[in-house]
Amino acid sequence: MTSNVNPTVRRRRLGQELRRLRELKGMTAEEVADRLLVSQSKISRLENGRRSISQRDVRDLCGVYEVEDRRIVDSLMQMAKESRQQGWWHAFGDIPYSVYIGLETDAASLRVYEPQVVPGLLQTRAYAEAVVAGALPEASAADVEKRVQVRMHRQERITDSRQPLRLWAVLDESALRRQVGGTQTMVEQLEHLLELSRLPHVTVQVMPFDMGAHPGVNGQYAILEFPDASDSTVVYLEGVTSDLYLEKPNDVQSYSVMYEHLRAQALNPDQTRVFVEDVAKDYARQ
């Protein structure tokens, strides 16, 4: 479930406020770095929420920006303290995509395009185990299980009766046709996908092969939006060794427009359910 304090989101909000104070002062990140005898990359990482922010960092930056209102300083110091707390995912140890999990945990809505496999939030345990084991052939059984447990925990956002995540997923037909695990695993996965697609806050669409080239051919991506207007929308691109987070308005706009084209070209939700049912029947006959 969503925690009251999300350290990832707190870091983003604090970083945005520190950037605002720097810009009000008319200083560049390089000038601030020179004043504090730190690297420019540290200032940039603090401002974009990619680095943990200590209360000392906040104190030093407020000093450089000549923030005299003690209430503002105290508020920023409290945010720094909260940003260093651990989210629920830290209980599972080192998770490579922990930044994304933190954002997803606090998001109000998620739009995702997945060309290869069923999205993680819609996977059954058996399917998730097969996906993780296949994607990480050198991972130990314990590491695979840890990642699967995290994935199952993330899915609580879908079933949360108080604040369910608004999920819109467009899947390429190959995500349904690719046999992950055995045929029984696929039947169960597709039945699970159908069940979740009937929830009022979950929409699933399939992009069939016969649509040819479309705006999603460049690969998987996700767009996260947040309930607080001060939190900018994030586009998430998953990589093998590192991930990319895009927050610039032009980037977000480009991906949002591309997603609208995907939704327009894909089968509508009712057509999708019929399509998924037919694929499930194909697996059941094997």
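Here the structure is a predicted model, which means the values were calculated and not measured.

Along the backbone of the protein chain there are 13 helices and six strands. Split into buried and exposed, the 286 residues of the protein chain put 49% on the buried side. Within the protein chain, contacts between residues at least 6 apart in sequence are counted, and of these 74% link residues at least 24 apart. With the model as given, the accessible surface of the protein chain reaches about 14300 Å², and the carbon-plus-sulfur share is 48%.

On to the pairing of strand β2 (residues 166–172), then. Of all seven residues making up β2, five are buried, and the element is well covered by its neighbours. As judged from the six bridges shared by strand β1 (residues 109–114) and β2, these two strands associate in the parallel manner. Counterpart to S109 in the pairing with β2 is R166. Judged from the six bridges that link them, β2 and strand β3 (residues 202–207) form a sheet pairing that is parallel. Bridging from a neighbouring strand, A169 pairs with V204 of β3.

A few words now on the pattern of salt bridges. Taken as a whole and assessed by the stated rule, the structure comprises 23 salt bridges. E173 is paired through a salt bridge with R177; the nearest N and O atoms lie 3.0 Å apart. One end of the pair is E173 and the other is R177, both in helix α10 (residues 173–177) and four residues apart, which spans about a single turn. Residues R263 and E260 are paired through a salt bridge, measuring 2.3 Å at the closest nitrogen-oxygen approach. Taken together, the residues R263 and E260, both in helix α12 (residues 249–265) and three residues apart, mark about one turn of the helix.

Once that is clear, we can look at the packing of aromatic side chains. The tally for this structure, following the rule as stated, stands at four aromatic pairs. Considering the side-chain rings of Y221 and Y255, the 4.9 Å spacing of their centres and the 65° angle between planes classify their relative orientation as edge-to-face. Of this pair, Y221 sits in strand β4 (residues 221–225) while Y255 sits in helix α12, and the two are 34 residues apart along the sequence. Using a relative accessible area of 1% as the deciding quantity, one classes Y221 as buried. The ring of W168 has R263 sitting right over it, with the charged end atom 4.1 Å from the ring centre.

Right, let's get into the packing of helix α2 (residues 29–36) against helix α4 (residues 55–64). Relative to each other, α2 and α4 sit at 110°, their axes nearing to 11 Å. Judged on the interaxial angle alone, α4 and α2 are roughly perpendicular. Handedness of the crossing formed by α2 with α4: right-handed. Counting all contacts with α2, which are made through V32, R35 and L36, the residues of α4 involved are D60, L61 and V64. When the residues that make up the contact of α2 with α4 are grouped by side-chain class, the tally is four nonpolar, no polar and two charged.

A few words now on the sheet that holds β2. Taken together, six strands build an open sheet; the order of strands is β3-β2-β1-β4-β5-β6 and the sheet is mixed. In this open sheet, the two strands that pair with only one neighbour each are β3 and β6 (244–246). Ignoring which end each strand starts from, the neighbouring axes of this sheet average 15° apart.

On to the packing of helix α11 (residues 183–197) against helix α13 (residues 269–285). Closest axis-to-axis distance for the α11/α13 pair is 9 Å, and the angle between their directions is 160°. The orientation of α11 relative to α13 falls into the category roughly antiparallel. Seen along the crossing, α11 lies across α13 with a hand that is left-handed. Along the contact surface, α11 presents T183, M186, V187, L190, L193, L194 and S197, while α13 presents R273, V276, E277, V279, A280, Y283 and A284. Of the residues belonging to the contact of α11 with α13, the class tally is 10 nonpolar, two polar and two charged.

Basis of the calculations
Residues numbered from 1 in each chain as written. Predicted model: local features only at pLDDT ≥ 70, side-chain atom pairs only at ≥ 80, totals over all residues. Heavy atoms only, no water. Helix = DSSP H or I, 4+ residues; strand = E, 2+ residues; numbered from the N terminus. Buried < 20%, exposed > 50% of the residue type's maximum accessible area, 1.4 Å probe, protein only. Contact = heavy atoms within 4.5 Å. Areas by Shrake-Rupley, 256 points an atom, 1.4 Å probe, with all protein chains shown as cover. Pairing = 2+ DSSP bridges. Salt bridge = Lys/Arg side-chain N within 4 Å of Asp/Glu carboxyl O. Phe/Tyr/Trp six-rings, centres within 6.5 Å; stacked < 30°, edge-to-face > 60°. Lys NZ or Arg CZ within 6 Å of the ring centre and 35° of its normal. Axes fitted to C-alpha atoms, helices over the stretch in contact; angles between N-to-C directions. Parallel < 35°, antiparallel > 145°, perpendicular 65-115°, else oblique. Left-handed = near helix turned anticlockwise from the far one by under 90°. Nonpolar A, V, L, I, M, F, W, Y, C, P; charged D, E, K, R; others polar.

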